[in-house]
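Letter by letter, the chains look like this.
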Amino acid sequence: MDFLQVKRAELAKEMCGLVCILSALIEDKAETKDMANIMERMEQHMRKITEGLKAKSTQVKEKNVEIYVNALRQKWEKVKSNDLLNHLQKKQRLMPGKLEGALVDMSRSLQTLFGAAYCAGDTVKGPSISIHHAKALYRIQEMVQKELKDYKGFLSVKGERNVTMTRYPFFSHM
C-alpha cells in the first residue's frame, strides 16, 4: 500500500468518525458521559478532514472537492452558532430544532463530500472503482433487493390492513 492510499484511508476514517458522532447526536444515542468530549472530537475530525482535503483539492480535477469542503465548513459553523456546545454542556436530551436541522445538514454535506472525494469518477480515467468492484456492488444490491422483496410486501399488507407482526407467516417464530 503506497503513501497516498494510506492518506486516503486516514481521511476516510476521519470522515466516518464524524459521521458516527453526527448520527449519534441526531438519533439521540450519544452517551451522556461522552458529551464533554464530543465537541472536541468533532473539532479534531473537522481539522483533519479539511487539512487533508486541502492538499488533495489543489489539483485541477479536484476543485469540486474544495467546494464541498467549504460547504462542510459552513455547516460546521452553523452547528456551532446554533449552540451545540451549550447543549452538550447541559447534557440535555431534547435538542432544539435549529440545532438538529444544522446537524442533519452537516451530515448530508459530509456524505456529499465523501462521495465527491472517494466515489466520483475521473473524467479522463473513468470511474474510480474497478469493474470487479462495480459488479460485486451490483450483485450485493440484487441480493438485498431480493431479500427485502417479501418484507416490502409484508409492509404493504400491514399498512393496508393494520395487522400485527405475529399474524404474518414468516414472523410465526416471534
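Every residue gets a number counted from 1 within its own chain, in the order that chain's sequence is written. In keeping with the model being predicted, local features are shown solely for residues with a pLDDT of at least 70 and side-chain atom pairs are shown and tallied solely at 80 or more, while totals for entire chains, interfaces and linings include all residues. Heavy atoms from the whole structure form the basis of all side-chain values; hydrogens and water molecules are not counted.

A. Representation of the overall build of the protein within the structure. Of the regular secondary structure elements, the protein holds six helices and zero strands. In this description a helix means any DSSP run of H or I spanning at least four residues, a strand means any run of E spanning at least two, and both kinds are numbered starting from the N terminus. Overall, the protein shows an N-to-C arrangement of helices and strands of α-α-α-α-α-α. The buried share of the protein, reckoned over its 174 residues, is 27%. Whether two residues are in contact is decided by their heavy atoms: any pair within 4.5 Å suffices. Within the protein, counting contacts between residues at least 6 apart in sequence, those at least 24 apart form 65% of the total. Note on areas: Shrake-Rupley with a 1.4 Å probe; residue coverage comes only from the protein chains shown. Surface summary for the protein: the accessible area is close to 12100 Å², and the carbon and sulfur share equals 56%. The classification of residues rests on relative accessible area computed with a 1.4 Å probe and restricted to protein chains. Under 20% of the type maximum is buried, over 50% is exposed, and intermediate values are partly exposed.

B. Just the side chain of serine 107, in detail. Relative to the assigned elements, serine 107 resides in helix H5 (residues 97–119). Residue serine 107 is classed as buried on the basis of its relative accessible area of 8%. The contact partners of serine 107, leaving out residues within four places of it in the chain, are Leu22 and Ile26.

C. Representation of the nonpolar core within the structure. Only buried residues count toward a nonpolar core, which is a set of Ala, Val, Leu, Ile, Met, Phe, Trp, Tyr and Cys residues joined through side-chain atoms within 4.5 Å. Among the nonpolar cores identified, the biggest contains 31 residues, and Leu25, Met42, Leu53, Leu84, Met106 and Leu113 are the most heavily contacted of them. Put simply, the parts of the chain that give this core at least two residues each are helix H1 (3–26), helix H2 (35–56), helix H3 (63–81), helix H4 (84–90) and H5. The dominant element in this core, judged by the number of residues it contributes, is H5, at nine residues. If we skip the residues at most four places from it in the chain, leucine 25 touches Ala30, Ile38, Met42, Leu84, Leu88, Met95 and Leu103.

D. Inspection of the side chain of histidine 45 at higher detail. When you line up the elements, histidine 45 lands in helix H2. The residues touching histidine 45, leaving out its near neighbours within four places in the chain, are Glu14, Gly17, Leu18 and Ile21.

E. Up close: the pattern of salt bridges. For salt bridges, the criterion is a side-chain nitrogen of Lys or Arg within 4 Å of an Asp or Glu carboxyl oxygen. Using the criterion set out here, one finds four salt bridges in the structure. For lysine 80, the salt bridge is made with glutamate 43, and the minimal N-O distance between the two is 3.3 Å. Of this pair, lysine 80 sits in helix H3 while glutamate 43 sits in helix H2, and the two are 37 residues apart along the sequence. Given a relative accessible area of 27%, lysine 80 falls into the partly exposed group. Judged by relative accessible area, which is 33%, glutamate 43 ranks as partly exposed. Taking the shortest distance from any N to any O, the salt bridge between lysine 78 and aspartate 105 comes out at 3.6 Å. Here the residue lysine 78 occupies a position in helix H3, and aspartate 105 occupies one in helix H5, the gap between them amounting to 27 residues. We classify aspartate 105 as partly exposed; its relative accessible area is 25%. Each of Glu43, Glu77 and Lys80 takes part in a single network of salt bridges with overlapping partners.

F. Examining a nonpolar patch on the surface more closely. Here, patches come from residues exposed beyond 30% relative accessible area and free of salt bridges, joined within 9 Å for like charges and within 5 Å for nonpolar side chains (Val, Leu, Ile, Met, Phe, Trp, Tyr). A grouping of Leu137, Ile140, Val144, Leu148, Tyr151 and Leu155 is seen on the molecular surface, where their side chains present a nonpolar patch of about 530 Å² in accessible area. Inspection of the secondary structure assignment puts valine 144 in helix H6 (residues 131–161). Using a relative accessible area of 41% as the deciding quantity, one classes valine 144 as partly exposed.

G. Representation of the environment of leucine 84. Here leucine 84 is to be found in helix H4. Linking leucine 84 and alanine 102, residues 18 residues apart in sequence, is a C-alpha distance of 9.7 Å. Contacts of leucine 84, omitting those with residues within four sequence positions, involve Leu25, Met39, Met42, Trp76, Val79 and Leu99.

H. Main features of H6. The terminal C-alpha atoms of H6 lie 44 Å apart, and with 31 residues this matches the ideal 45 Å at 1.5 Å per residue to within 8%. Maximum bend of H6: about 35°, positioned at lysine 149. Here the expected length of a helix is defined as 1.5 Å per residue gap, with one fewer gap than residues. Throughout, the bend at a residue refers to the angle made by two axes, fitted to the seven residues ending there and to the seven starting there.

Note that all results are geometric; they support no functional claim without further evidence.
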